[in-house]
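Chain and residue survey
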Amino acid sequence: MEPWTIKHQPEKISEIKGQDNAVKEIEEFLKNYDKQKKKALLLHGPTGVGKTAAVVAFAKEHDYEFLEVNASDFRNKDKINSIIGENSKQMSLFMRPKLILVDEIDGLSGQKDRGGAPELARQIKTTNFPIIMTANDAWNKKLSPVRKESKVVEFSDVDNERIIEVLSWLCGKENVEYDELVLKAVARKNAGDVRGAVNDLQSLAREGGKITKEKVNELSDRRKTEELSSALIKIFKTTDADIAKDALNDVNEDLDECMLWVDENLPKEYEKPEDLARAYDNLSKADVYKGRIRRWQHWRFLVYYNALMTAGVATAKDEKYKKMIKYEQTKRLLKMWFAKQSNSKRNAIAEKLSEKTHKSIKQTIKETIPYMKVIFKNNKEMSDKLVEELELEKEEVAWLKK
Ligand SMILES: Nc1ncnc2c1ncn2[C@@H]1O[C@H](COP(=O)(O)OP(=O)(O)OP(=O)(O)O)[C@@H](O)[C@H]1O
Ligand SMILES: [Mg+2]
């Protein structure tokens, strides 16, 4: 099925939401191109916020002759020269204005002389037509030759309200019935990322019928199973501690939940009793660290807790098992139920925090929530301020104090 981000991609610049400053700067740059000292723009910002879409929309709306290249196509600098070089000097067909997009330049190589970034910078100096580039991190050192020749334009996370506008507009186009609160939940979950929100909306609408809060929860359960399954593959299917130790980095759940998953699936994966014994030995050591973290707030033990259940379990076997099994959510229902209860509050708090801090929810859960809990136990004045600032509910405050 065609992704809605493509099917309904913005055709006009007014359809790009929440990037007013950036849009103005692009408009100004193109309108007075001849007077610009710098002949290129470098758009940068987080993923899924409209950088590429804004340029495409401009080109369409103003009927530019449009050349779009992805920087990953430039395996060497000659390629840059032949594509950009030629296009930036030749007149356009039928005297239409011309616009060149070089997308995702984070991937360019930086070495002096031989590098892609210096070559692109050289092309900018001699271009006759506007060149617009995009990157997630414009301040990457290797991009400095390009940055020197360009005006840098910042795209930011998109506000929830703007994301909701996009989502409800799409629901209208696709005849999807919805509840405002559900769209809000989808927007929040994606913390500024419009592409992510649109993709979620499309998954939710796939089954037909009204999209409800229950469906949003199902979707996140499904995501969670996918995330944890691929984390478990990294732990179970390697004996290399270095590979295994990063297994949980992309998981949105806290370590306790991950531990339950490892615990549940370990006996299905490891068959040799020696392997199992060693693995469980490491898991129980992890559990000891967990206890110390709980009781005494010894956060530096988190590293060991994580290492034991990833690298510790991975290296416990002599060799990996070839079979493939489907990893499952833990069956310890009671435990799960408790975890879920408290997780829903934790997640709600993390969502509110990440809106303010622009950190991902995942990072917030791992890095900020633990400190919030310390604050709520020890510092009344600061906790009161936080309650007000984040509009925390009574139950959420109770959870933080627990
Ligand atoms: N600000 C926005 N307003 C409206 N729709 C948006 C916005 N940002 C993103 N979208 C939607 O998400 C899709 C993807 O956005 P886009 O490709 O512009 O992201 P990007 O900022 O270039 O991200 P990346 O850094 O990953 O390339 C767009 O086609 C559009 O459907
Ligand atoms: Mg892009």
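Here the residue numbering is sequential within each chain, running from 1 through the sequence in written order. Ligands are numbered from 1 and chains lettered from A, in the order in which they are written. At least 70 in pLDDT is required for a residue's local features to be given in this predicted model, at least 80 for side-chain atom pairs to be given and counted, and no such filter applies to totals for whole chains, interfaces and linings, which use all residues.

Examining the overall build of the protein chain
In this description a helix means any DSSP run of H or I spanning at least four residues, a strand means any run of E spanning at least two, and both kinds are numbered starting from the N terminus. Along the backbone of the protein chain there are 18 helices and five strands. Burial in this document is a count-based property: other C-beta atoms within 10 Å of a residue's C-beta are tallied, and the residue is buried at 20 or more, exposed at 12 or fewer, or partly exposed in between, with C-beta positions derived from the backbone. Expressed as a percentage of its 402 residues, the buried residues of the protein chain come to 34%. Sequence separation of 24 or more characterises 76% of the internal contacts of the protein chain that already satisfy a separation of 6 or more. By the criterion used throughout, residues are in contact when their C-beta atoms, derived from the backbone, lie within 7 Å.

As for the domain arrangement of the protein chain
Size of an interface: often given as the accessible area lost when the parts come together. Splitting the protein chain by domain gives domain 1 (4-154), domain 2 (160-211), domain 3 (237-331) and domain 4 (335-401). Domain start and stop positions are those given by an automatic or database domain assignment. Here the C-alpha centre of domain 4 lies 25 Å away from the C-alpha centre of domain 2.

Focus: the environment of arginine 206
Summarising the element assignment, arginine 206 is placed in helix H9 (residues 194-206). Overall, the presence of 11 C-beta atoms within 10 Å leaves arginine 206 in the exposed class. Once the C-alpha coordinates of arginine 206 and methionine 1 are considered, the two residues, 205 residues apart in sequence, prove to be 9.9 Å apart.

Brief notes about the site of ligand 1
To decide whether a residue is near a molecule or strand, its C-beta atom is placed from the backbone and checked for lying within 6 Å of it. Around ligand 1 sit 23 residues, and of these Thr47, Gly50, Thr52, Ala53 and Val194 come closest. Elements supplying a minimum of two residues to the shell around ligand 1: helix H3 (51-61) and H9. Only Asp, Glu, Lys and Arg are considered charged, only Ala, Val, Leu, Ile, Met, Phe, Trp, Tyr, Cys and Pro nonpolar, and every remaining residue, Gly among them, polar. In terms of residue class, the shell around ligand 1 is made up of eight nonpolar, 10 polar and five charged. Counting contributing residues, the shell around ligand 1 receives three or more from each of domain 1 (4-154) and domain 2 (160-211).

Some points on the nonpolar core
To form a nonpolar core, buried Ala, Val, Leu, Ile, Met, Phe, Trp, Tyr and Cys residues must be joined through C-beta atoms within 7 Å. Counting residues in each nonpolar core, the largest one holds 58 residues, and the members touching the most others are Leu42, Ala54, Ile132, Met133 and Leu167. Among the elements that line this core, the one with the most residues is H3, at seven residues. Residue assignment places this core across two domains, with domain 1 (4-154) and domain 2 (160-211) each supplying three or more. Not counting chain neighbours up to four residues away, the residues in contact with isoleucine 132 comprise Ala40, Leu41, Leu43, Val55, Leu99 and Leu101. Formed by 25 residues, the second largest nonpolar core is a distinct cluster that contains Phe236, Met259, Ala286 and Val313.

So, the sheet that holds strand E4 (residues 131-135)
In this scheme, strands are said to pair when DSSP sees at least two bridges between them. With parallel pairing, five strands are arranged side by side in an open sheet as E2-E3-E4-E1-E5. Because the sheet does not close on itself, it has two edges, and the strands there are strand E2 (65-70) and strand E5 (150-154). Sheet twist, expressed as the mean angle between neighbouring strand axes with direction ignored, is 20°. Judged from the three bridges that link them, strand E3 (residues 98-103) and E4 form a sheet pairing that is parallel. To obtain an axis, a line is fitted to C-alpha atoms, over the contacting stretch when the element is a helix, and the angle between two such axes runs from 0 to 180 degrees between their N-to-C directions.

Quick notes on the packing of helix H13 (residues 273-296) against helix H14 (residues 302-314)
Running from N to C, H13 and H14 point in directions that differ by 165°, and their axes come no closer than 8 Å. Judged on the interaxial angle alone, H14 and H13 are roughly antiparallel. The two elements H13 and H14 meet at a crossing, and its hand is left-handed. Contacts between H13 and H14 involve Ala279, Asn282, Leu283, Lys285, Ala286, Tyr289, Lys290 and Ile293 from the first element and Leu302, Tyr304, Tyr305, Leu308, Met309, Gly312 and Val313 from the second. Grouping the amino acids of the contact of H13 with H14 by side-chain chemistry returns 11 nonpolar, two polar and two charged. For classification purposes, angles smaller than 35 degrees are called roughly parallel, those larger than 145 roughly antiparallel, those between 65 and 115 roughly perpendicular, and all remaining angles oblique. By convention, the crossing between two helices is left-handed when the near helix turns anticlockwise from the far helix through less than a right angle, and right-handed when the turn is clockwise.

Some points on the environment of asparagine 128
Residue position: asparagine 128 is located in the loop between helix H5 (116-126) and E4. As for asparagine 128 and tyrosine 33, which are separated by 95 residues in sequence, their C-alpha atoms are 9.7 Å apart. Non-local contacts of asparagine 128, meaning those with residues more than four positions away in its chain, are made with Ser88 and Lys89.

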